[in-house]
Amino acid sequence: EKGTYPHYMLKEMDEQPTVIRKIIQAYESEAGDLTIDAAILHALQDADRLYIIAAGTSYHAGLIGKQYFEKMAGIPVEVHISSEFGYNMPLLSEKPLFIFITQSGETADSRQVLVKIKELGYPTLTITNVPGSTLSREADHTLLLHAGPEIAVASTKAYVAQVAVLAVAAYVTAKANGQGLEFDLKQELAIAANGIQTIIDSKDVLEDIAEDYLKIARNAFFIGRNIDFCVSLEGALKLKEISYIQAEGFAGGELKHGTIALIEEGTPVFALVTQEAVSLNIRGNVKEVAARGAYPCIIAMAGVDEDGDRLVIPPVNELLTPLVSVVPLQLISYYAALHRRCDVDKPRNLAKSVTVE
Ligand code: M6R
């Protein structure tokens, strides 16, 4: 029930800190360490390559999962859009493990890949929010998101849960493989939960940004580099799906290879700056678009922020920034949709789970 909330989406965004705390609890061992089911850990350790299969927002979470497994655990990962995978199967490694990321566990495009992969006899793991869902029942293993029911068509808390659970799985695998990680993920997730709360507590700032940048916009761009690029794709999807403003997420450096031609006087460009190693590069991209008339909105993490950034978000571990940086983008989309009097929870032409291929 949405209780006093005007929309499920707002309620679900507000639940995000709690969701992260629930995930910490759900994946905590008696000794207080993070842990996952032994059979799943063995499957992950056994694989020479992970193939993540997903659609929409879950695909965007998968792109971040790739970074986690590669950077923490040193396991190579490919991420595939499920609807493409069926007829465009890549060459497979010797010992692949297939990971299906799906909030609903019912997405037909992802299920058709699961059916095919099972015929081929490869091991499968579903990461889902819905215990007993089709993709959970049909895969060898399941990791649950513990996000609680997500009713709004636009996925918010499930995305944050997917990113957190992928981080846990990669971290636990890395530890089991003896990789020397210098941080305690449990602590870092708790910090991220608090960071999200800080943003949620200052919603009025995001409402102002939405009004300022998007009230009359025809289109908008989201840019970022590295992990911020993955989040920019999700920010653009959120805005498109609920406000119907045409939006695209881009790798900062890619804009000048064509898309910059679309920048006009006043075009909103949201730039994420959370990664120190590329912060100067992305700031350079902001200058390029600003010089062509764009109206840039820099969302930077504390520590890599500068004077003039429109929003500064609380600092978290560099790998976990998506958990926090996505939240202002969700809220900006929400308020943009409200300003435009769109049906936030049930956008036109969309269903919560897409059960046709
Ligand atoms: O239930 P799933 O995670 O498999 O759904 C995949 C996509 O249909 C879903 O993420 C969709 O893109 C959302 N409406 C995005 O907010």
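Shown above is the structure to which this text applies.
Given the structure is predicted, the values throughout are model-derived calculations rather than measurements.

Cut-offs and rules
Residues numbered from 1 in each chain as written. Predicted model: local features only at pLDDT ≥ 70, side-chain atom pairs only at ≥ 80, totals over all residues. Heavy atoms only, no water. Helix = DSSP H or I, 4+ residues; strand = E, 2+ residues; numbered from the N terminus. Rg over C-alpha atoms; globule rule 2.2 N^0.38 Å. Buried < 20%, exposed > 50% of the residue type's maximum accessible area, 1.4 Å probe, protein only. Areas by Shrake-Rupley, 256 points an atom, 1.4 Å probe, with all protein chains shown as cover. Lys, Arg positive; Asp, Glu negative; His and termini not counted. Charge placed at Lys NZ, Arg CZ, Asp CG, Glu CD. Pairing = 2+ DSSP bridges. Axes fitted to C-alpha atoms, helices over the stretch in contact; angles between N-to-C directions. Contact = heavy atoms within 4.5 Å. Salt bridge = Lys/Arg side-chain N within 4 Å of Asp/Glu carboxyl O. Near = heavy atom within 4 Å. Polar contact = N/O pair within 3.5 Å; in protein donor to acceptor, adjacent residues only side chain to side chain. Nonpolar A, V, L, I, M, F, W, Y, C, P; charged D, E, K, R; others polar. Expected span 1.5 Å × (residues − 1). Right-handed = clockwise from strand over helix to strand, strands pointing away. Arc of directions from axis to C-beta. Core = buried A, V, L, I, M, F, W, Y, C linked by side-chain atoms within 4.5 Å.

What follows covers the overall build of the protein chain. When helices and strands are counted, the protein chain shows 13 helices and ten strands. Against the globule reference of 21 Å for 357 residues, the protein chain gives a C-alpha radius of gyration of 20 Å, in line with a compact fold. Each of the three principal axes of the protein chain carries a C-alpha extent, and together these read 55 × 45 × 45 Å. By the burial criterion, 58% of the 357 residues in the protein chain qualify as buried. Accessible area for the protein chain stands at about 14,500 Å²; split by element, carbon and sulfur atoms hold 49% of it. Distance between charge centres in the protein chain, computed from 31 positive and 46 negative side chains, equals 4 Å.

A separate point is the sheet that holds strand S8 (residues 268–273). In space, the five strands of this open sheet follow the order S7-S6-S8-S9-S10, with parallel pairing throughout. Whereas interior strands pair on both sides, the edge strands pair on one side only; in this sheet they are strand S7 (246–251) and strand S10 (311–313). Neighbouring strand axes in the sheet, compared pairwise and without regard to direction, differ in orientation by 20 degrees on average. Note: strand S6 (residues 219–224) against S7, six bridges, orientation parallel. Across the sheet, the residue bridging to Phe221 is Glu248, located in S7. Sheet contacts for helix H12 (residues 279–291): S6, S8 and strand S9 (295–301); angle to S8, the most-contacted strand, approximately 170 degrees.

As a further point, take the pattern of salt bridges. Applying the stated criterion across every chain yields a total of 17 salt bridges. In this structure, Lys352 engages Glu150 in a salt bridge whose closest nitrogen and oxygen atoms are separated by 2.7 Å. Of this pair, Lys352 sits in the segment after helix H13 (321–339) while Glu150 sits in the loop between strand S5 (141–144) and helix H8 (157–176); the two residues are 202 residues apart in sequence, bridging distant segments of the chain. Residue Arg310 is joined to Asp212 by a salt bridge in which the shortest nitrogen-to-oxygen separation is 2.7 Å. Of the two residues, Arg310 is situated in the loop between S9 and S10 and Asp212 in helix H10 (residues 203–214); the sequence distance between them amounts to 98 residues.

Turning our eyes to something else, we now look at the site of the ligand. In the region of the ligand, 14 residues are neighbours, and Ser58, Thr102, Ser104, Thr107 and Glu241 sit closest. The contact in question runs from an oxygen atom of the ligand to an N or O atom on the side chain of Thr102, over 2.6 Å. Between Glu241 and the ligand, the recorded distance is 2.4 Å, taken from a side-chain N or O atom to an oxygen atom. Summarising the interface, the protein chains cover 91% of the accessible area of the ligand, which totals 410 Å² for the free molecule. Broken down by secondary-structure element, the contributors of at least two residues to the shell around the ligand are helix H4 (56–73) and helix H11 (227–243). Counted by class, the shell around the ligand contains four nonpolar, eight polar and two charged residues.

This part takes up H4. A rise of 1.5 Å per residue sets the reference length of H4, with its 18 residues, at 26 Å; its end C-alpha atoms lie 25 Å apart and thus fit the reference within 8%. Among the residues trailing H4, Gly74 stands out with phi positive, at a value near 70 degrees.

Okay, the sheet that holds strand S1 (residues 49–54) next. The strand order across the open sheet formed by five strands is S2-S1-S3-S4-S5, and the pairing between neighbours is parallel. Two strands close off the open sheet at either side, each with one partner strand: strand S2 (77–81) and S5. For this sheet, the mean angle separating the axes of adjacent strands, direction not counted, is 20 degrees. Relative to S2, S1 runs parallel, the two being bridged by five bridges. Each residue of the ladder has a partner; that of Ile53, found in S2, is His80. Across the sheet, H4 lies against S1, S2 and strand S3 (96–102), angled at about 175 degrees from S2, the strand it touches most. Packing against the sheet, helix H6 (residues 108–120) makes contact with S1, S3 and strand S4 (124–128), and its axis sits at approximately 160 degrees to S3.

Before going further, it helps to spend a moment on the pairing of S8. Regular strands have side chains that alternate between both faces of the sheet. For S8, the buried fraction is high: six of the six residues fall into the buried class. In S8, alternate side chains face the same way, and those of Pro268, Phe270 and Leu272 on one face and Val269, Ala271 and Val273 on the other are all buried. Pairing of S6 with S8, which is carried by three bridges, proceeds in the parallel orientation. Opposite Phe222, over in S8, you have Phe270 as the bridge partner. Strand direction decides the pairing type here: S8 and S9, joined by six bridges, are parallel. Bridging from a neighbouring strand, Val273 pairs with Ala300 of S9. Read from S8 through H12 to S9, the crossover connection turns out right-handed.

This part takes up H12. Residues three or four positions apart in an α-helix share a direction because the helix packs 3.6 residues into each turn. Between its first and last C-alpha, H12 extends 18 Å over 13 residues, near the 18 Å set by a 1.5 Å rise per residue. Buried within H12 are the following residues: Ser279, Ile282, Arg283, Asn285, Val286 and Val289. Taken end-on, H12 shows its buried residues confined to a sector of 150 degrees, consistent with a single buried face. For H12, exposure combined with an orientation more than 90 degrees from the buried face picks out Leu280, Lys287 and Ala291.

Within the largest apolar cluster, 103 residues are counted, with the highest numbers of intra-cluster contacts made by Tyr68, Met72, Leu214 and Leu323. By residue number, the principal contributor to this core is H8, which donates 14 residues. Residues within four places of Met72 in sequence aside, it is in contact with Gln67, Ala167, Ala170, Tyr171, Ala174, Gln179, Leu181, Phe183 and Leu319.

As far as function goes, none of this settles anything; it's purely spatial.
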